[in-house]
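Coordinate analysis (summary)
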There are 2 protein chains.
Amino acid sequence: MPPAPLRRRYSAATKRALLDVAAAQFAEHGYAGTSLDVVVAGAQVTKGALYHHFAGKQALFEDVFARVEEDAAARIRAAMTSAGDPWDQARSALRAFLDVVREPAYRRVVLQDGPAVLGHERFREQEERTSRALVHEVTERVLVASAEVVDPAMVDTFSRILYGAVSAAGEQVASAADPTAETLRVECALGVVLDGLRQQATAGLRLTDPVAAP
Amino acid sequence: MPPAPLRRRYSAATKRALLDVAAAQFAEHGYAGTSLDVVVAGAQVTKGALYHHFAGKQALFEDVFARVEEDAAARIRAAMTSAGDPWDQARSALRAFLDVVREPAYRRVVLQDGPAVLGHERFREQEERTSRALVHEVTERVLVASAEVVDPAMVDTFSRILYGAVSAAGEQVASAADPTAETLRVECALGVVLDGLRQQATAGLRLTDPVAAP
DNA sequence: AGTCGGACATACTCACGGTACGTACTTTCA
DNA sequence: TGAAAGTACGTACCGTGAGTATGTCCGACT
């Protein structure tokens, strides 16, 4: 059965087809539950094509991972631009994230399989360029607007902790029986935390690096 | 009462040997990187023994996972009993957790491979009985000591968020170039968050469920 | 003393990731 | 313009490793 000559000419199309099918498979069945035979069959090609475009299963997953993360970050960023006040920006970003984290694809690829497949090292590298960068950005604006003294190292530490808190909040919302109700609770709880920071801000908080400080 | 059946004792020994070897392998090479052939060879038995004691690779991992988590929770709990004030308890528990999370075994088995292998569902079930229960306990004591009104549903939401924050903090410490220095920053950052809560507590915080509230 | 069942051992299957090699089509260049 | 080089796959195959089917030994109970 001679394959359609049309497909041969556009290799970018086959690569995208592979990525599309792989993304759907990884999202639905997870990394371990996805067979490359199924992927290539779904993309109407063979393993030769797959291994021509990707170094292996892990590399394929990494590309899918990056696409999912970038897409999510873009949407959160879009939902954030409107507000002017850093606190409002943080709040709208949180809301957008709580929406994103409810999608099965993001949960499966990024939160569930991501760390195990990529390893902590590569996982963090990937995050650094997308969602973590976003959280870092928002955190920095909030902290600068709140504290009198803000050390860059502390911004990093703070943003990572907040990122963990927000991720857990997202997981909580996503797995709740009533996600809408849980969203309210989560926003309330995080609101209390943020209010706590805000109160300290008005009291003249100084966020210095305890290591560098004399 | 006649002495313990000899048969059973030998059987228990082989099972423990399998668990020991498996724990070491999973901790060092991860779930996917661990071969059952290596495990049974290390335990001086064959696959027949393994599949007699465990339903499969995943079940074996789950037992290892439970052991690692229970061990960690026990150590944290032990480090916590001394202090009397809920805030101090929370602080010492945090410190103990930051130690635990720096161990490769815990990082690999629980944080990295856990969610992917067990799935979110079973992962949460396992957590519920150990570390999460601990965090929930501490959170409840702190909140009850702080707020005038505390809704149980909010305690759950709060503890999950705090758990995520602490986990991220642990990850941050574990992967830092200078873990000791990063520990100081993390404790400082989390201290600020806790102080924020404490200030609101003295101001008469009421932590009601926004869903149930009229 | 039989025999029943738990605790393994042995040998095998099969799915799946990865590789080696061949081939058609395209581009390059003398 | 025609041959050489390179691209973009297809085909056939291998090794590994999880899981299974079946046999067997031996302590325990009747």
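Residues numbered from 1 in each chain as written. Chains lettered and ligands numbered in written order. Predicted model: local features only at pLDDT ≥ 70, side-chain atom pairs only at ≥ 80, totals over all residues. Heavy atoms only, no water.

Some thoughts on the relation of the copies chain B and chain A
- Rotating chain B by 180° about the axis while translating it 0.0 Å along that axis superimposes it on chain A, leaving an RMSD of 0.1 Å. In the structure described here, the two chain copies are related by an operation that fits a two-fold rotation axis.
- With an isologous cut-off of 70% or more, the 100% of interface residues of chain B that recur at the interface of chain A puts this contact in the isologous class. (Least-squares fit on C-alpha atoms with pLDDT ≥ 70 in both. Contact = heavy atoms within 4.5 Å.)

Brief notes about the domain arrangement of chain A
Residues and elements named next belong to chain A.
- Partitioning chain A into domains gives domain 1 (1–54) and domain 2 (57–207).
- If you average the C-alpha positions of domain 1 and of domain 2, the two centres end up 32 Å apart.
- Summed over both sides, the interface of domain 1 with domain 2 buries roughly 1,400 Å², with 70% coming from carbon and sulfur.
- Between domain 1 and domain 2 we count 1 salt bridge in total.
- Our count for the domain 1 to domain 2 interface comes out at 5 residue pairs in polar contact (both at pLDDT 80 or more).
- Of all the elements, helix 2 (residues 11–29) adds the most residues to the side of domain 1 that touches domain 2, at 8 residues. (Domains from an automatic or database assignment. Buried area = accessible area lost by both parts, 1.4 Å probe. Salt bridge = Lys/Arg side-chain N within 4 Å of Asp/Glu carboxyl O. Polar contact = N/O pair within 3.5 Å; in protein donor to acceptor, adjacent residues only side chain to side chain. Helix = DSSP H or I, 4+ residues; strand = E, 2+ residues; numbered from the N terminus.)

Some points on the interface of chain B and chain A
- Counting residues at the interface gives 44 residues for chain B, matched by 44 residues for chain A.
- Taken as a group, His 120, Ile 161 and Arg 185 of chain B account for 18% of the area that chain B buries against chain A, more than any other trio of residues on that side.
- The interface formed by chain B and chain A contains 2 salt bridges.
- With a closest N to O distance of 2.9 Å, Asp 209 of chain A and Arg 185 of chain B form a salt bridge.
- Summed over the shared surface of chain B and chain A, the result is 12 residue pairs in polar contact (both at pLDDT 80 or more).
- Among the secondary structure elements, those contributing two or more residues to the side of chain B that touches chain A are helix 6 (104–128), helix 8 (152–174) and helix 9 (179–202) of chain B.
- Counting residues per element, the side of chain B that touches chain A draws most heavily on helix 9 of chain B, which supplies 15 residues.
- Class assignment for the residues of the side of chain B that touches chain A results in 23 nonpolar, 11 polar and 10 charged. (Nonpolar A, V, L, I, M, F, W, Y, C, P; charged D, E, K, R; others polar.)

Considerations on empty space enclosed by the protein
- Taken as a whole and judged by the stated rule, the model has 7 cavities of 30 Å³ or more.
- What lines the largest cavity is a set of 30 residues, and nearest its centre among them are Gly 164 and Ser 167 of chain A together with Leu 111, Gly 164 and Ser 167 of chain B.
- Contributions of two or more residues to the lining of the largest cavity are made by helix 7 (104–128) and helix 9 (152–174) of chain A together with helix 6 and helix 8 of chain B.
- For the lining of the largest cavity, the per-class residue count stands at 12 nonpolar, 8 polar and 10 charged. (1 Å grid on protein atoms, 1.4 Å probe; cavity = no way out; pocket = protein on both sides within 12 Å on 5 of 7 lines; lining within 4 Å. Points joined across faces, edges and corners; volume = space filled by probe spheres on them.)

A look at the pattern of salt bridges
Residue and element names in this part refer to chain A.
- Within this structure, the stated rule accounts for 36 salt bridges over all chains.
- Between Arg 122 and Glu 62 there is a salt bridge whose closest N-O contact spans 2.8 Å. Linking Arg 122 in helix 7 with Glu 62 in helix 5 (residues 57–80), this pair joins segments that are 60 residues apart in sequence.
- Look at Glu 62 and you get buried, because its relative accessible area is 11%.
- The shortest N-O distance in the salt bridge between Arg 107 and Glu 171 comes to 2.8 Å. Here Arg 107 is found in helix 7, whereas its partner Glu 171 is found in helix 9, with 64 residues between them in sequence. Each member of the pair, Arg 107 as well as Glu 171, carries the same accessibility label: buried.
- It is possible to trace a salt-bridge network through shared partners that takes in Glu 128, Arg 132, Asp 156 and Arg 160. (Buried < 20%, exposed > 50% of the residue type's maximum accessible area, 1.4 Å probe, protein only.)

Quick notes on the side chain of Thr 139 of chain A
- Summarising the element assignment, Thr 139 of chain A is placed in helix 8 (residues 131–146).
- Residues contacting Thr 139 of chain A, with those up to four places away along its chain left out, are Val 155, Phe 158, Ser 159 and Leu 162 of chain A.

Comments concerning helix 6 of chain B
- The end-to-end C-alpha separation of helix 6 of chain B is 22 Å, well short of the 36 Å expected for 25 residues at 1.5 Å each.
- Of all the bends in helix 6 of chain B, the largest measures some 115° and sits at Gly 119 of chain B. (Expected span 1.5 Å × (residues − 1). Bend = angle between axes of the 7 residues up to and from the residue.)

Brief notes about the packing of aromatic side chains
- All chains considered together, the criterion is met by 12 aromatic pairs over all chains.
- For the ring pair Phe 61 of chain A and Phe 65 of chain A, a centre distance of 6.3 Å and an interplane angle of 40° mean the geometry is tilted. With Phe 61 of chain A and Phe 65 of chain A both in helix 5 and 4 residues apart, this pair spans about one turn of that helix.
- Classification of Phe 65 of chain A as buried rests on a relative accessible area of 0%.
- Judged by centre distance (6.3 Å) and plane angle (85°), the rings of Phe 97 of chain B and Tyr 106 of chain B are edge-to-face.
- Each member of the aromatic cluster is reached from another via a ring pair, and the members are Phe 26, Tyr 31, Phe 61, Phe 65 and Phe 123 of chain A.
- Over the ring of Tyr 31 of chain A we find Lys 57 of chain A, and its NZ or CZ is 4.5 Å from the ring centre. (Phe/Tyr/Trp six-rings, centres within 6.5 Å; stacked < 30°, edge-to-face > 60°. Lys NZ or Arg CZ within 6 Å of the ring centre and 35° of its normal.)

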